[in-house]
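# Per-entry structural report
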Amino acid sequence: QVQLVESGGGLVQAGGSLRLACLASNRGTFSSLAMGWFRQAPGKEREFVAAISSSRSGGVTLYADSVKGRFTISRDNAKITVYLQMNSLKSEDTAVYSCAVGRTTSMYKSEYYDWGRGTQVTVSS
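Residues numbered from 1 in each chain as written. Predicted model: local features only at pLDDT ≥ 70, side-chain atom pairs only at ≥ 80, totals over all residues. Heavy atoms only, no water.

Relative to the helices and strands, R39 is located in strand β4 (residues 34–40). The class for R39 is buried, based on a relative accessible area of 5%. Here the side chain of R39 touches E47 through a polar contact of 2.7 Å, side chain to side chain. Residues within four places of R39 in sequence aside, it is in contact with E45, R46, E47, V49, S66, V67, F71, E92, D93, A95, V96 and Y97. (Helix = DSSP H or I, 4+ residues; strand = E, 2+ residues; numbered from the N terminus. Buried < 20%, exposed > 50% of the residue type's maximum accessible area, 1.4 Å probe, protein only. Polar contact = N/O pair within 3.5 Å; in protein donor to acceptor, adjacent residues only side chain to side chain. Contact = heavy atoms within 4.5 Å.)

This next bit is on the state of the cysteines. For the structure on display, the rule yields one disulfide. Linked covalently through their sulfurs, C22 and C99 form a disulfide whose S-S length is 1.9 Å. Looking down the S-S bond of the C22 and C99 bridge, the torsion is 60°, so its handedness is right-handed. Highlighted residues: C22 in strand β3 (residues 18–24) and C99 in strand β9 (residues 95–102), separated in sequence by 77 residues. (Disulfide = S-S within 2.5 Å.)

Attention shifts here to the environment of T29. Summarising the element assignment, T29 is placed in the loop between β3 and β4. Judged by its relative accessible area of 38%, T29 falls in the partly exposed class. Put simply, T29 and N77 are 48 residues apart on the chain and 9.5 Å apart in space, counted from C-alpha to C-alpha.

Counting residues in each nonpolar core, the largest one holds 36 residues, and the members touching the most others are W37, L84, M86 and Y97. Looking at this core, the elements that each hand over two or more residues are β3, β4, β5 (47–52), β7 (71–76), β8 (81–86), β9 and β11 (119–124). Those residues in contact with L84 that sit more than four places away from it in its chain are L18, R19, L20, W37, V49, A50, F71, T72, I73 and Y97. (Core = buried A, V, L, I, M, F, W, Y, C linked by side-chain atoms within 4.5 Å.)

Side-chain alternation along β7 places F71, I73 and R75 on a buried face and T72, S74 and D76 on a face that remains uncovered. As judged from the six bridges shared by β7 and β8, these two strands associate in the antiparallel manner. For F71, the partnering residue across the bridge sits in β8 and is M86. Counted along the chain from β7 to the antiparallel partner β8, the turn is four residues long, and its residue I80 has a positive phi close to 50°. (Pairing = 2+ DSSP bridges.)

In this section: the pattern of salt bridges. Within this structure, the stated rule accounts for four salt bridges. A salt bridge links R39 to E47; its shortest N-O distance comes to 2.7 Å. Residue D93 pairs with R70 through a salt bridge whose shortest N-O separation is 2.8 Å. Of this pair, D93 sits in the loop between β8 and β9 while R70 sits in the loop between β6 (61–63) and β7, placing them 23 residues apart in sequence. As far as burial versus exposure is concerned, D93 and R70 are alike and both buried. The structure contains a network of salt bridges with shared partners spanning R39, E47, R70 and D93. (Salt bridge = Lys/Arg side-chain N within 4 Å of Asp/Glu carboxyl O.)

Throughout the structure, instances matching the rule amount to four aromatic pairs. For the pair Y112 and W115, a centre-to-centre distance of 6.2 Å together with 55° between the ring planes defines the contact as tilted. Each member of the aromatic cluster is reached from another via a ring pair, and the members are F38, F48, Y112 and W115. Over the face of the ring belonging to W115 we find R46, whose NZ or CZ atom lies 4.0 Å from the ring centre. The ring of F30 has R75 sitting right over it, with the charged end atom 4.5 Å from the ring centre. (Phe/Tyr/Trp six-rings, centres within 6.5 Å; stacked < 30°, edge-to-face > 60°. Lys NZ or Arg CZ within 6 Å of the ring centre and 35° of its normal.)

Pasting the structure below:
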C-alpha cells in the first residue's frame, strides 16, 4: 500500500489561494499511477475535485465542474508529489481535502485506494 500525507491546508479569505501537496511513499510506481483529490464538508458526501492520469498516459487532468477554471492539479514524479493549486477560493470550498491513488483517472471514489488523512481548508467570507 501507499502512504499519502497531505499538507498546505489552512485558513484563507474568500478570493485567496492555497496550494495543497500530497507526498506519496511509492517512488518506484508513483509515475505509473493516477492520482486524485477529493473533499468532504461536514454533513456532506465526499466529492470528487480533480484527478490526473499517470505520466505514462500523458498526465491528463479531470476536474469537477465546481472547480474547473479555479483549481489546477499537477504532479512532480521526482518529488513523489501531487499538487492542487486552488485559486479564487469560495466559502463553499471549505472542506477536508484528501488525496488518493487511483486505479483509473476517474471521478468515482470507488476507483481510488490508499487515501491520505486529509488537510483542512477553511475559506472565510
